[in-house]
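Each chain, written out:
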Amino acid sequence: MHEIIVNLHMHTRYSDGSGTHKDIAQAAMQTGLDAVIVTDHNVLVQGVEGYYRFARDPSTPLRTSRVLLLVGQEVHDQDRDPQKNHLLVFNANRDLSTLADDPQTLINGVRDAGGICFMAHPKDPEAPAFHETDISWEDWSVQNYTGIELWNGLSELKTIVPTKLHGLFYAFFPQFIGHHPIPETLSRWDELLSHGRPVVAIGGSDAHAMHMRMGPLQRVIFPYLFHFKTVNTHVFIPESLTGDVSTDKKMIYDALAAGHCFVAYDLPASTRGFTFKAKGLGQSAIMGDTLPAKGGVTLQAHLPARAEIHMIKDGQRISVWKNSQVCTHTATEPGVYRVEVYRNYLGKKRGWIYSNPIYVR
Ligand SMILES: [Zn+2]
Ligand SMILES: [Zn+2]
């Protein structure tokens, strides 16, 4: 398996972002990402998908580097008040925004169009100081979606800006924003997992590169470059990216659909190298896979550096390893097992890694 770093969920001038697809590709390359997935609101932008190549160093123009830019969309019903139920749609063969008024019809449409979908910012509270309304996911009766966006950079910001002054502070010091996914989203995920079917977690930046004006102050806040260093989705694909768009696109979307990925906060330190695997009787599994419980299953997580590892089974914390780089747990009974990793950064314990589960049945 080959690990690639993907930043997904972001906006350009085609909706409410300030940059172009090329700006995004350039920022992604500068940050060392392998791929980005752009998701403008209610529009499937055509003709921009592909590999973008940039000179790595102006003095040696032949040394180029590339980044894969894919295009999905974020669909919601613009006539609904408030505008809840945002859905991230990837790999669909057509624009699905006309189905926005009913979430289940939309999800069925995504499946019919060969796509996968994730509930965007499932909990997205109001931020009255900025006249921002609550745009959480509301319709929890829906079926057949792929998963949820566990950690969304912007939703989290809305939880920590009770006043305009707080907003101003984070605009200038965005490295203090990231703490962990919103706790209600984490517990909602565990609840959904308890219903017995896989629910894939992804992390989205929701990057807009917004222009801010406050009196004499003008600034692009949370530029793409910053977002791409923060909440990423690390994806495991069967072989390294080939450079062929359709081959690589298929590998990435197949892996996301299978949950072969983890949610990472890469700002404190790179999470590259994290693995969570399991071995059973003659079978092995990675995140997203299922193994039979019979005969026992050994679960093991490896970190790229020492940190605090929590093993979660069916939503319950069953073990904590402090200051460790490896942890092992022997599972003798069925359950949904996942790992959370925390480390200290800027004076606080912050979430660093949220694995997708291994399903022991
Ligand atoms: Zn949204
Ligand atoms: Zn968005």
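Note: the structure precedes this text.
Let me begin by describing the structure that accompanies this report.

Cut-offs used in this document
- Residues numbered from 1 in each chain as written.
- Chains lettered and ligands numbered in written order.
- Predicted model: local features only at pLDDT ≥ 70, side-chain atom pairs only at ≥ 80, totals over all residues.
- Heavy atoms only, no water.
- Salt bridge = Lys/Arg side-chain N within 4 Å of Asp/Glu carboxyl O.
- Helix = DSSP H or I, 4+ residues; strand = E, 2+ residues; numbered from the N terminus.
- Buried < 20%, exposed > 50% of the residue type's maximum accessible area, 1.4 Å probe, protein only.
- Contact = heavy atoms within 4.5 Å.
- Polar contact = N/O pair within 3.5 Å; in protein donor to acceptor, adjacent residues only side chain to side chain.
- Donors = N, O, S within 2.8 Å, 3.2 Å for Na, K, Ca; no water.
- Tetrahedral: all angles 85-135°; square planar, octahedral: opposite > 155°, others 65-115°.
- Pairing = 2+ DSSP bridges.
- Phe/Tyr/Trp six-rings, centres within 6.5 Å; stacked < 30°, edge-to-face > 60°.
- Lys NZ or Arg CZ within 6 Å of the ring centre and 35° of its normal.

### Considering the pattern of salt bridges
Within the structure shown, the criterion is met by 16 salt bridges. Where Lys 313 meets Glu 333, a salt bridge forms, and the shortest distance between an N and an O atom there is 3.3 Å. Of the two residues, Lys 313 is situated in strand S16 (residues 297–313) and Glu 333 in the loop between strand S17 (316–331) and strand S18 (335–345); the sequence distance between them amounts to 20 residues. For Glu 333, a relative accessible area of 44% gives the class partly exposed.

### Looking at unusual backbone geometry
The amide bond that connects Asp 81 to the next residue, Pro 82, takes the cis arrangement and shows omega of -5°. As for its placement among the helices and strands, Pro 82 is situated in the loop between strand S4 (64–75) and strand S5 (87–90). Although it is not a glycine, Asn 91 sits at a positive phi angle of roughly 65°. Position of Asn 91 among the secondary structure elements: in the loop between S5 and helix H2 (103–112). On the accessibility criterion, Asn 91 (31% relative accessible area) is partly exposed. For Asn 323, which is not glycine, the phi torsion reads 50° and is therefore positive. Relative to the elements of secondary structure, Asn 323 occurs in strand S17.

### A look at the environment of Thr 328
By secondary structure assignment, the location of Thr 328 is in strand S17. Using a relative accessible area of 39% as the deciding quantity, one classes Thr 328 as partly exposed. Expressed as a C-alpha distance, the spacing of Thr 328 and Ala 278, which sit 50 residues apart in the sequence, is 9.4 Å. Discounting chain neighbours no more than four positions away, the residues touching Thr 328 are Thr 298, Leu 299, Gln 300 and Trp 321. At 2.8 Å, the side chain of Thr 328 forms a polar contact with the side chain of Gln 300.

### Brief notes about the coordination of the zinc ion (ligand 1)
Around the zinc ion (ligand 1), the protein contributes the donor atoms Glu 74 (OE), His 86 (ND1) and His 121 (NE2), at 2.0 to 2.2 Å from the metal centre. Every donor residue of the zinc ion (ligand 1) comes from the same chain, spaced as E-x11-H-x34-H. A separation of 3.5 Å is found between the zinc ion (ligand 1) and the zinc ion (ligand 2), both of which receive a donor from Glu 74. In this pair, His 86 sits in the loop between S4 and S5 while His 121 sits in the loop between strand S6 (116–119) and strand S7 (147–152), placing the two residues 35 residues apart along the sequence. The burial state of His 86 is the same as that of His 121; both residues are buried.

### Digging into the coordination of the zinc ion (ligand 2)
Around a metal, the idealised angle for a tetrahedral arrangement of four donor atoms is 109.5 degrees; for an octahedral arrangement of six donor atoms it is 90 or 180 degrees. Every protein donor of the zinc ion (ligand 2) is listed here as His 9 (NE2), His 11 (NE2), Glu 74 (OE) and Asp 206 (OD), and their distances to the metal cover 2.1 to 2.2 Å. With four donor atoms in place around the zinc ion (ligand 2) and angles of 80 to 170° between them, the coordination shape is irregular. Between consecutive donors of the zinc ion (ligand 2), the numbers of intervening residues give the motif H-x1-H-x62-E-x131-D. Here His 11 falls in the buried class, since its relative accessible area comes to 0%. Classification of Glu 74 as buried rests on a relative accessible area of 0%.

### Brief notes about the pairing of strand S13 (residues 275–279)
Alignment of S13 against S16, held across five bridges, turns out to be antiparallel. Note on S16: the bridge partner recorded for Lys 279 is Thr 298. Pairing of S13 with strand S14 (residues 284–286), which is carried by three bridges, proceeds in the antiparallel orientation. Of the residues in S14, the one forming a bridge with Lys 277 is Ile 286. Taking the residues that link successive antiparallel strands as the turn, the S13-S14 hairpin has four residues, and the phi of Gly 282 there is positive, at about 70°.

### Overview of the packing of aromatic side chains
Following the criterion strictly, the structure yields 11 aromatic pairs and no others. Geometrically, the ring pair formed by Phe 169 and Tyr 170 is edge-to-face, given 5.2 Å between the ring centres and 75° between the ring planes. What makes Phe 169 partly exposed here is its relative accessible area of 36%. Aromatic ring contacts, followed pair by pair, group Trp 151, Tyr 265, Tyr 342 and Tyr 354 into a single cluster. One Lys or Arg, Arg 197, reaches over the ring of Tyr 145 and ends 4.7 Å from the middle of that ring. The ring of Trp 352 is capped by Arg 343, whose NZ or CZ atom sits 4.7 Å from the centre of that ring.

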